[in-house]
Amino acid sequence: MSSSSPFSDRLAVLPQYLIPKQALTAFAGWVAGSQWGSTTTGIIDWFVKRYNVNMAEAANPDTASYKSFNEFFTRPLRGDARPLAAAHFVSPVDGAISQCGPIEGDQVFQAKGYSYSTRALVGGDAALAAQFQDGQFATLYLSPRDYHRIHMPCAGRLTRMIYVPGDLFSVNPTTARGVPGLFARNERVVCVFEGVQGPFVMVLVGATIVGSMATVWHGIVNPPRPGTVREWTYEVGSITLTQGEEMGRFLLGSTVVMLFPKGVIQFNPDWTPTRPIVMGEGMGKALGEAQGR
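Residues numbered from 1 in each chain as written. Predicted model: local features only at pLDDT ≥ 70, side-chain atom pairs only at ≥ 80, totals over all residues. Heavy atoms only, no water.

Peer 1: Could you give me a rundown of the overall build of the protein chain, with the residues and numbers involved?
Peer 2: Regarding its fold elements, the protein chain presents eight helices and 18 strands. Looking at the protein chain as a whole, 53% of its 293 residues are labelled buried. Counting only contacts in the protein chain whose residues sit at least 6 apart along the sequence, the fraction spanning at least 24 positions is 76%. (Helix = DSSP H or I, 4+ residues; strand = E, 2+ residues; numbered from the N terminus. Buried < 20%, exposed > 50% of the residue type's maximum accessible area, 1.4 Å probe, protein only. Contact = heavy atoms within 4.5 Å.)

Here is the structure:
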């Protein structure tokens, strides 16, 4: 665990309040989407070395074959790279556990001294948030070196998608400790599913230089960034995804927050803050009647 003080964390994130995050993110998105031949390959090779990216896991390990940085960043893995555990719920991403555990009433724990409400996280919808009163949550952080496709923790039928405008702070651990309500104030895409175990929510949280977020059923959700909440609803039977199936991706890294109702999931006891995780590993087991699926 970090030995830094709350004051030093707040001091460390102070520059983020001052920099033009929207402009920086737009520029980064333009660079990441550009096709510059050998220059693009040079950027990718630098990134692989700088962040120690394991290209042996990639379906295509040849960095020169990627036409843009985004194409490299959202690269698929080999088919055998992420086997699914025999568990009711599996990790949807590669990354590290920021926090996980019980929702205290409607409060989701962010870091020492900071929490935020489920209602704020989902964009202000009180009825949606109420389904997760005293439930469980998991906040998973994807670093630059991680695989950046997002998969389903369990099978689910999509019912709604909500785009919520917001800030573009970094989502690294220092920022999580230094910016109040970080995950409920950053730009985000809220995906609402109905599963065998009941409803669950997957929130894709934007960040500084995250050029865009995309889902498999919609494509790129942002940009545009209209500054207002947008919502889509989906008819029964139109979009159903199986456990482990890809549901979205980040174009540059960020965080996924998941919400589950009370009495639905018991997290893997090994799941503790800062622990590295890989997509497909056992995240938890179903409780009560949901075990019989």
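So that's the structure; there's more coming.
Peer 1: Summarise the pattern of salt bridges; cite the residues concerned and give the values.
Peer 2: In this structure the tally under the stated criterion is 10 salt bridges. Note that Asp-80 is salt-bridged to Arg-78, the shortest N-O span being 2.9 Å. Taking relative accessible area as the criterion, Arg-78 reaches 36% and is therefore assigned partly exposed. Between Arg-249 and Glu-246 there is a salt bridge, and its shortest N-O distance comes to 2.8 Å. (Salt bridge = Lys/Arg side-chain N within 4 Å of Asp/Glu carboxyl O.)

Peer 1: Tell me what's going on with unusual backbone geometry, and back it up with residues and numbers.
Peer 2: Although it is not a glycine, Asn-52 sits at a positive phi angle of roughly 55°. Summarising the element assignment, Asn-52 is placed in the loop between helix 3 (38-51) and helix 4 (69-73). Judged by relative accessible area, which is 55%, Asn-52 ranks as exposed. We note that Thr-274 has phi near 80°; this positive angle belongs to a residue other than glycine. Within the secondary structure, Thr-274 is located in the loop between strand 16 (265-267) and strand 17 (276-277). The class of Thr-274 is exposed, set by a relative accessible area of 51%.

Peer 1: Give a description of the pairing of strand 9 (residues 198-205) that names residues and reports values.
Peer 2: Extensive coverage of strand 9 is indicated by the burial of eight of its eight residues. Pairing of strand 8 (residues 188-195) with strand 9 involves eight bridges; the strand directions are antiparallel. Counted as the bridge partner of Glu-194 is Pro-199 from strand 9. (Pairing = 2+ DSSP bridges.)

Peer 1: Please provide a residue-by-residue account of the pairing of strand 2 (residues 95-102), values included.
Peer 2: Where burial is concerned, most of strand 2 is hidden: seven out of the eight residues are buried. With two bridges joining them, strand 2 and strand 17 adopt antiparallel strand pairing. The residue of strand 17 that forms the bridge with Gly-95 is Ile-277. One ladder, built from six bridges, connects strand 2 with strand 5 (residues 136-141); its direction is antiparallel. Considered in strand 5, the bridge of Cys-100 is made with Ala-138.

Peer 1: Explain helix 3 residue by residue, including any values.
Peer 2: With 14 residues, helix 3 extends 20 Å from end C-alpha to end C-alpha; this agrees with the ideal 20 Å at 1.5 Å per step. The complete set of buried residues in helix 3 reads Thr-40, Thr-41, Ile-44, Phe-47 and Val-48. Here the buried residues of helix 3 occupy an arc of 125° about the axis, which is enough to place them on one side. Away from its buried face by more than 90 degrees, helix 3 exposes Ser-38, Trp-46, Lys-49 and Arg-50. Contacts made by the buried residues of helix 3 are with helix 4. Note on helix 3: the residue one or two positions beyond its end, Asn-52, has a positive phi of about 55°. (Expected span 1.5 Å × (residues − 1). Arc of directions from axis to C-beta.)

Peer 1: Account for the packing of aromatic side chains, with residues named and values stated.
Peer 2: Following the criterion strictly, the structure yields 15 aromatic pairs and no others. Between the aromatic rings of Tyr-116 and Phe-183, the centroid separation amounts to 6.3 Å while the plane-to-plane angle is 70°, which identifies the pairing as edge-to-face. Taken together, the residues Tyr-116 in strand 4 (residues 114-117) and Phe-183 in helix 8 (residues 182-185) connect sequence positions 67 residues apart. Across this residue pair, the class does not change: Tyr-116 and Phe-183 are buried. When the ring of Phe-193 is compared with that of Trp-217, the centres are 6.0 Å apart and the planes differ by 85°; the resulting orientation is edge-to-face. (Phe/Tyr/Trp six-rings, centres within 6.5 Å; stacked < 30°, edge-to-face > 60°.)

Peer 1: Which residues make up the nonpolar core, and what values do they have?
Peer 2: By size, the foremost hydrophobic cluster in this structure holds 37 residues, and its most contacted members are Phe-193, Met-202, Trp-217, Met-247 and Val-256. Leaving out residues up to four positions away in the same chain, Phe-193 has contacts with Met-152, Gly-156, Arg-157, Leu-158, Thr-159, Gly-198, Pro-199, Phe-200, Met-202, Trp-217, Leu-241 and Met-247. (Core = buried A, V, L, I, M, F, W, Y, C linked by side-chain atoms within 4.5 Å.)

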